[in-house]
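Chain by chain, the residues:
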2 protein chains.
Amino acid sequence: MLYGAIEAGGTKFRSAIYQDEKIIDELTVATTTPEVTLKPIIAFFSNYKIKALGLGAFGPVILNRESPDFGLITQTPKEKWRNFNIYRYFVEKLNVPICLDTDVGVAALGEYYAYRSRVNHLLYVTVGTGIGVGVIKNGIILRGAHHPELGHLLIARRGDDKYPSVCPYHDNCIEGLASGSSLTARYHLSPSQLADREDIWDLEGYYLAQAFLGYTLAFAPERIVIGGGVSAQARLLPNIRKHFTKLNNGYYIYPQLSNPDLYITLPLTGNNAGIYGAYCLVRGEG
Amino acid sequence: MLYGAIEAGGTKFRSAIYQDEKIIDELTVATTTPEVTLKPIIAFFSNYKIKALGLGAFGPVILNRESPDFGLITQTPKEKWRNFNIYRYFVEKLNVPICLDTDVGVAALGEYYAYRSRVNHLLYVTVGTGIGVGVIKNGIILRGAHHPELGHLLIARRGDDKYPSVCPYHDNCIEGLASGSSLTARYHLSPSQLADREDIWDLEGYYLAQAFLGYTLAFAPERIVIGGGVSAQARLLPNIRKHFTKLNNGYYIYPQLSNPDLYITLPLTGNNAGIYGAYCLVRGEG
């Protein structure tokens, strides 16, 4: 029994064939245009007879099953993907049942299953090119009339920070001030070239901590798992935890929040949260 | 068949006897100390044979049923109520089944039922002495490992605003900068005495809009209902809507969000959201 899984991120698409919880083949393609990115993916899946496909797509994407636009990517800064229906594309090309959610939603689901019932409520935050958040409540990917877009939560700039936001919509959202794109625009170096600059990771930690406190006050998760390219930086998590504790200032307390080293943490699944979560979303279907 | 309902707010406790969806008797007492506030409430309920009690309590309050401290009020600035177990008190005095949630949680539930299935996801925000938020998802009061505390969401101060926050924990949370207590501390007048000061309601609207955008990006509700003493001000809602639209800047879109006049709105239940919601929480129990 084979299942297909795709983590369709803003930087790259990772596709995999799963058999019994294990990847038996995979392919990674850069996110450029729908045509260029998706062609080799269809070729990849055509080598296998999959029962169904789990798809975690970057957003905003319409997830309301009743909408005729289910699967449509909407307000993304990636112009070539705006108004592209990623669900319909794969349904037409692969002709198998498809379970769709956001890339960060499925990543949160992957981490939830990796915790094997030791955690009921969990957030997955990716800090990469952009910033996105997936929310799990009792094993379900949470959304209201739309999926969360907490990469655009507004935060307070530090008084001396005058760098322009990289978000085309917001002057002081967390994606605009603290994403990988923002770091590159500010310092003209990649995050790994900035590895030892404590001042930089202090500011980055301060901004992310503001957002993490907001996420915490909203969802009271038992873990905030941080993934994405920027999360690999050794100085990042200690700075987020330090500022988080300072900003909360002893106000919001519950048992799972009491130890910031456990509460704000790296993924159990390493770089596999998204692809594993896409598989978790679909296994049993089809 | 009689049910008891209590909206235990930070300013006043409102108690009611419900019969068939209607209040047949009620009592309001100021929130001072547990002893002074609660004695007349017990006397009030002792006149009736209620089947069960719905209780919406100000928080933070422990709502984890497995905790030995279920019902304990914790980090409140109201010192006399800190470490008071409001659930245990009523269980001992009234000896009836009790359903407990937060005051804003039950208010959100009351509004949800008032909408009679026309809305699945709804937020209730009270802007009074403090600021609190209740979240409904598919008819259920949402919480993770703890109930939300979104009155303490951090926001960005306007550059020229140097007034100290009234929150003892946070320099720039929404309760600290935009609650009724903050308005009184800033201007030494009550909200109604400030009714015509457009400059004041513009700043208040700007702050609340930042928080409302954060709540929206997190939960994507179909309505944000605003109650509490400050919400009665005629200039408030237009200013929140104006700044909300400006801050979102066309980014986050879904059908129910498209008309700010419908999306950010006053309660259908008037001042009864909390007491009616406490009743909704308990009817059918006992």
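Reading guide: rules and limits
- Residues numbered from 1 in each chain as written.
- Chains lettered and ligands numbered in written order.
- Predicted model: local features only at pLDDT ≥ 70, side-chain atom pairs only at ≥ 80, totals over all residues.
- Heavy atoms only, no water.
- Contact = heavy atoms within 4.5 Å.
- Buried area = accessible area lost by both parts, 1.4 Å probe.
- Salt bridge = Lys/Arg side-chain N within 4 Å of Asp/Glu carboxyl O.
- Polar contact = N/O pair within 3.5 Å; in protein donor to acceptor, adjacent residues only side chain to side chain.
- Domains from an automatic or database assignment.
- Pairing = 2+ DSSP bridges.
- Helix = DSSP H or I, 4+ residues; strand = E, 2+ residues; numbered from the N terminus.
- Axes fitted to C-alpha atoms, helices over the stretch in contact; angles between N-to-C directions.
- Buried < 20%, exposed > 50% of the residue type's maximum accessible area, 1.4 Å probe, protein only.
- Least-squares fit on C-alpha atoms with pLDDT ≥ 70 in both.
- Parallel < 35°, antiparallel > 145°, perpendicular 65-115°, else oblique.

1. A closer look at the interface of chain B and chain A
Counting residues at the interface gives 39 residues for chain B, matched by 39 residues for chain A. Both sides together, the interface formed by chain B and chain A hides about 3300 Å², and carbon and sulfur atoms give 66% of it. When the buried surface of chain B facing chain A is broken down by residue, Leu154(B), Leu217(B) and Tyr251(B) rank first, second and third, together holding 20% of it. At the boundary of chain B with chain A, the tally comes to zero salt bridges. Between chain B and chain A we count 18 residue pairs in polar contact (both at pLDDT 80 or more) in total.

2. Topic: the domain arrangement of chain A
Residues and elements named next belong to chain A. As assigned here, chain A comprises domain 1 (2-105 + 271-282) and domain 2 (116-267). Here the C-alpha centre of domain 2 lies 25 Å away from the C-alpha centre of domain 1. With 13 residues of domain 1 at the contact, the number on the domain 2 side is 14 residues. With both sides pooled, the region where domain 1 packs onto domain 2 buries about 1100 Å², and carbon together with sulfur makes up 59% of that total. Run the count over domain 1 and domain 2 and you get one salt bridge.

3. Quick notes on the sheet that holds strand β7 (residues 131-137) of chain A
Residue and element names in this part refer to chain A. One open sheet accounts for five strands, arranged β8-β7-β6-β9-β10; its pairing is mixed. Each of the sheet's edge strands pairs with one partner strand only, and the pair in question is β8 (140-141) and β10 (264-265). The sheet contact formed by strand β6 (residues 121-127) and β7 spans seven bridges and is antiparallel. Paired with Tyr 124 across the two strands is Gly 134, which belongs to β7. Helix α6 (residues 198-219) rests against β6, β7, β9 (223-227) and β10 of the sheet, and its axis sits at about 150° to β6.

4. With respect to the side chain of His170(B)
Within the secondary structure, His170(B) is located in the loop between β8 (140-141) and α4 (174-178). The buried category is assigned to His170(B), whose relative accessible area is 4%. Polar side-chain contacts of His170(B) include one of 3.1 Å to the backbone oxygen of Asn248(A). Sequence-distant contacts of His170(B), defined by excluding residues within four places in its chain, comprise Leu247(A), Asn248(A), Tyr251(A), His152(B), Leu154(B) and Ser165(B).

5. Notes on the pattern of salt bridges
Applying the stated rule across the entire model yields 24 salt bridges over all chains. In this structure, the salt-bridge partner of Arg186(B) is Asp161(B), at a minimum N-O distance of 2.9 Å. In this pair, Arg186(B) sits in helix α5 (residues 180-187) while Asp161(B) sits in the loop between β8 and α4, placing the two residues 25 residues apart along the sequence. The same class applies to Arg186(B) and to Asp161(B), which are both buried. Put simply, Arg157(A), Asp161(A), Asp171(A) and Arg186(A) are held in one network by salt bridges that share partners.

6. Focus: the relation of the copies chain B and chain A
Relative to chain A, chain B is turned by 180° and slid 0.0 Å along the rotation axis, the superposed coordinates differing by an RMSD of 0.0 Å. Such a combination of rotation and displacement between the chain copies is what one expects of a two-fold axis. When C-alpha distances to the rotation axis are compared across chain B, the minimum falls at Ala156(B), with a value of 2.1 Å. A shared binding surface is used by both copies, with 100% of the interface residues of chain B retained as interface residues in chain A.

7. Notes on the packing of helix α3 (residues 103-114) of chain A against helix α9 (residues 273-282) of chain A
When two helices pack together, their arrangement is given by the angle between the helix axes and by the axis-to-axis distance. Residues and elements named next belong to chain A. Between α3 and α9, the shortest axis-to-axis distance is 6 Å and the interhelical angle comes to 85°. The orientation of α3 relative to α9 falls into the category roughly perpendicular. Between α3, through Val 106, Ala 107, Leu 109, Gly 110, Glu 111, Tyr 113 and Ala 114, and α9, the contact on the second element is made entirely by Ala 273, Gly 274, Tyr 276, Gly 277, Ala 278, Cys 280 and Leu 281.

8. Considerations on the pairing of strand β6 (residues 121-127) of chain B
Residue and element names in this part refer to chain B. Counting buried positions over the seven residues of β6 gives seven, a clear majority of the element. Side-chain alternation along β6 places His 121, Leu 123, Val 125 and Val 127 on one buried face and Leu 122, Tyr 124 and Thr 126 on a second face that is also buried. Between the end of β6 and the start of strand β7 (residues 131-137), which pair antiparallel, lie three residues. Relative to strand β9 (residues 223-227), β6 runs parallel, the two sharing five bridges. Residue Leu 123 lies in a different strand from β9, and its bridge partner there is Ile 224.

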